[in-house]
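# Overview (structure and organization)
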Amino acid sequence: MSSYLGGPTMSDDPKCVNCKLYPICDGGCAWSRHKNLFNNAKMELCSNRAANPELAFELYYEQINNL
């Protein structure tokens with residue numbers, strides 16, 4: 001369980017770091033990221049926001065301006 005708490009993050013993933021939505025996307029499910037690393041799973045980690053980056057930027061802008 002400790003590997004889950006201190007396990008892999010989107011900052012450790014070159015695909016995430018090089019993505020134009022980094023760091024505004026959520027980086028995918030942490031449990032899926034853990035299963036991929038420690039159990040050789042092949043779960044997709046990309047957020048559905050990557051399919052529509054314009055909407056992702058708009059939602060992010062709205063979020064940070066409404067705080």
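For the structure given in this document, a descriptive report is provided here. Just so we're clear, the structure is a prediction, and the values are computed from it rather than from any experiment.

A few words on unusual backbone geometry. Despite not being glycine, Asn-40 shows a phi value in the positive range, around 55°. Inspection of the secondary structure assignment puts Asn-40 in the loop between α3 (30-39) and α4 (53-65).

In this structure, Trp-31 sits in helix α3. For Trp-31, a relative accessible area of 41% translates into the label partly exposed. Sequence-wise, Trp-31 and Pro-8 are 23 residues apart; in three dimensions their C-alpha atoms are separated by 9.6 Å.

Before going further, it helps to examine a nonpolar patch on the surface. A surface patch of nonpolar side chains, amounting to about 320 Å² of accessible area, comprises Tyr-60, Tyr-61 and Ile-64. With respect to the element layout, Ile-64 can be found in helix α4.

A complete count under the given rule lists two salt bridges for this structure. Asp-13 is the salt-bridge partner of Arg-33, the closest N and O atoms lying 3.1 Å from each other. In this pair, Arg-33 sits in helix α3 while Asp-13 sits in the loop between α1 (2-5) and α2 (14-17), placing the two residues 20 residues apart along the sequence. What makes Asp-13 buried here is its relative accessible area of 18%. A salt bridge links Glu-44 to Lys-15; the nearest nitrogen and oxygen atoms lie 3.8 Å apart. Note that Glu-44 is positioned in the loop between α3 and α4 and Lys-15 in helix α2, a separation of 29 residues in sequence. A relative accessible area of 56% means that Glu-44 is categorised as exposed.

Criteria and thresholds
- Residues numbered from 1 in each chain as written.
- Predicted model: local features only at pLDDT ≥ 70, side-chain atom pairs only at ≥ 80, totals over all residues.
- Heavy atoms only, no water.
- Helix = DSSP H or I, 4+ residues; strand = E, 2+ residues; numbered from the N terminus.
- Buried < 20%, exposed > 50% of the residue type's maximum accessible area, 1.4 Å probe, protein only.
- Patch = residues over 30% accessible without salt bridge, like charges linked within 9 Å, V, L, I, M, F, W, Y side chains within 5 Å.
- Areas by Shrake-Rupley, 256 points an atom, 1.4 Å probe, with all protein chains shown as cover.
- Salt bridge = Lys/Arg side-chain N within 4 Å of Asp/Glu carboxyl O.

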